[in-house]
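Residues per chain are reported as follows:
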Amino acid sequence: MNHVQILIVGQGPAGLSAAIYTARAGLSTQILGCAPKIAGDYDIDNYFGFPEPITGSELIERGKAQAKRFGVDMRCERVLGIHPTDKGTFEVKTEKGTITADAIILATGVARVKSMIQNASDYEGKGISYCVSCDAFFYRNKKVMVVGEGIFAANQALELKEYTPHVSICTQGRALTMTPAFLQRLEKADIPILDKTVTKALGENGLEAVLYDDGTTEPMDGIFVARGEASSLDFAYSLGLLRKGVFIEADNEQKTNVPGVFAAGDCVGNFLQISVAVGEGAKAGRSAIKYLKGFNNNGE
Ligand code: FAD
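What you see is a predicted model; the values in this text were computed from it and never measured.

Definitions and limits used
Residues numbered from 1 in each chain as written. Predicted model: local features only at pLDDT ≥ 70, side-chain atom pairs only at ≥ 80, totals over all residues. Heavy atoms only, no water. Pairing = 2+ DSSP bridges. Helix = DSSP H or I, 4+ residues; strand = E, 2+ residues; numbered from the N terminus. Right-handed = clockwise from strand over helix to strand, strands pointing away. Near = heavy atom within 4 Å. Polar contact = N/O pair within 3.5 Å; in protein donor to acceptor, adjacent residues only side chain to side chain. Areas by Shrake-Rupley, 256 points an atom, 1.4 Å probe, with all protein chains shown as cover. 1 Å grid on protein atoms, 1.4 Å probe; cavity = no way out; pocket = protein on both sides within 12 Å on 5 of 7 lines; lining within 4 Å. Sits in = over half its atoms within 2 Å of the grid points. Nonpolar A, V, L, I, M, F, W, Y, C, P; charged D, E, K, R; others polar. Points joined across faces, edges and corners; volume = space filled by probe spheres on them. Domains from an automatic or database assignment.

Q: Help me get a handle on the sheet that holds strand β12 (residues 193-194), residues and values and all.
A: The pairing of strands in a sheet happens through backbone hydrogen bonds and is either parallel or antiparallel. One open sheet accounts for 5 strands, arranged β9-β16-β10-β11-β12; its pairing is parallel. Here the strands that pair on one side only, and so sit at the sheet edges, are β9 (128-129) and β12. Across 2 bridges, strand β11 (residues 167-170) lies against β12 in parallel orientation. Bridging from a neighbouring strand, Cys-170 pairs with Leu-194 of β12.

Shown next as structure tokens:
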């Protein structure tokens, strides 16, 4: 298993900026993330230092080149889950394997995809969950469903299978984006994939059944929402981070409430702009450097 000192989730302005600081401080730095939304043909007209507009893709390419110059390792690899270990480090599960890190910087932007279940908020904590590692225990041997269409959903379903044999996936009518390897693992684990949409949760005192868009119902004890990619909120659930709405709570130094976990950029929900993401990334980098000084896994 690979180990790095700093693992940054996100290859946008916040993640790249943080990496430039941590790598220049001599810390082994791994960025996991793919092209951010801004990395297209958009003219950026308000970023300091560019008298003429620069495209988002060029700005990101320049940031990547700069980070690489300091030895940052960068991979377009999706993170599926992050968990603390009993050694004070973090285990990061990706679509390709597992990496451990001494500190984590979340720079995932905002990408919360809604469940499409009309009354989901009425059932949160009463049958609808966003965190398998937090809540699967409560659904041992019960009938559960993961709503989602990608590898994040597939991974959640496979994890649930360790708690109950009654697991299915419902795509909410979206095209599957799972890799063949994950589809094979689901088939082997006997997890069916339904091409339907759950529109409503049903039940008097908590979830008892789901209502599909075709008008049929099915008894159900639990729904785990895992649409799209794992977002900063999903990591917040599994790491126990404080949240403010759809954002992660971070202080002025980009520290979260969990030692060793920092957050920067759009995922903390301040002014959603490149300049702010870059500034917060720098602060998160500095805080992570401070955190790791004098810290090692032997407690020395
Ligand atoms: P993002 O740039 O959103 O980057 C998020 C990163 O996280 C991506 O690399 C993504 O792949 C990664 N990620 C997310 N989930 C995972 C996961 N599970 N595993 C691995 N990686 C993951 N701002 C301006 O200042 N000026 C502008 O002119 C401007 N124009 C914009 C135009 C458009 C079309 C858009 C969409 C935004 C614009 N913005 C602009 C806003 C700006 O893009 C954001 O504020 C900024 O990109 C935020 O940076 P970030 O690093 O926090 O997140």
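Q: An account of the environment of Glu-91 is requested, with residue identities and associated values reported.
A: Note that Glu-91 resides in strand β7 (residues 90-94). Spatially, the C-alpha atoms of Glu-91 and Gly-81 are 8.2 Å apart, while their sequence positions differ by 10 residues.

Q: Give me the pairing of strand β1 (residues 2-9): which residues, what numbers.
A: As defined by bridge partners, β1 adjoins strand β8 (residues 98-106) across 7 bridges and the pair is classed as parallel. Bridging from a neighbouring strand, Leu-7 pairs with Ile-104 of β8. Across 4 bridges, the pairing between β1 and strand β2 (residues 29-32) is parallel. Counted as the bridge partner of Val-9 is Leu-32 from β2. In this view, the connection linking β1 to its parallel neighbour β2 by way of helix α1 (residues 13-24) has right-handed handedness.

Q: Requested: an account of the site of the ligand, with residues and values cited.
A: Taken together, the neighbourhood of the ligand is formed by 30 residues, with Gln-11, Cys-34, Val-79, Ala-230 and Asp-266 sitting nearest. For the ligand, an oxygen atom lies 2.8 Å from a polar atom in the backbone of Gln-11. Here Val-79 contributes a backbone N or O atom positioned 2.8 Å from a nitrogen atom of the ligand. Taken by itself the ligand offers 1,000 Å² of open surface, and the protein chains cover 83% of this. One can see that the ligand is located within the largest pocket. Residues of the shell around the ligand, tallied by class, amount to 16 nonpolar, 9 polar and 5 charged.

Q: I'd like a description of empty space enclosed by the protein, backed by residues and values.
A: Going through the model one piece at a time under the given rule, you end up with 3 cavities of 30 Å³ or more. Reported here for the largest cavity is a volume of approximately 100 Å³. For the lining of the largest cavity, the secondary-structure elements that each account for two or more residues are β6 (79-84), α4 (132-135), α5 (151-160) and α7 (232-239). With 4 residues, β6 is the largest single contributor of residues to the lining of the largest cavity. Counting residues domain by domain, the lining of the largest cavity receives three or more from each of domain 1 (2-111 + 231-292) and domain 2 (120-225).

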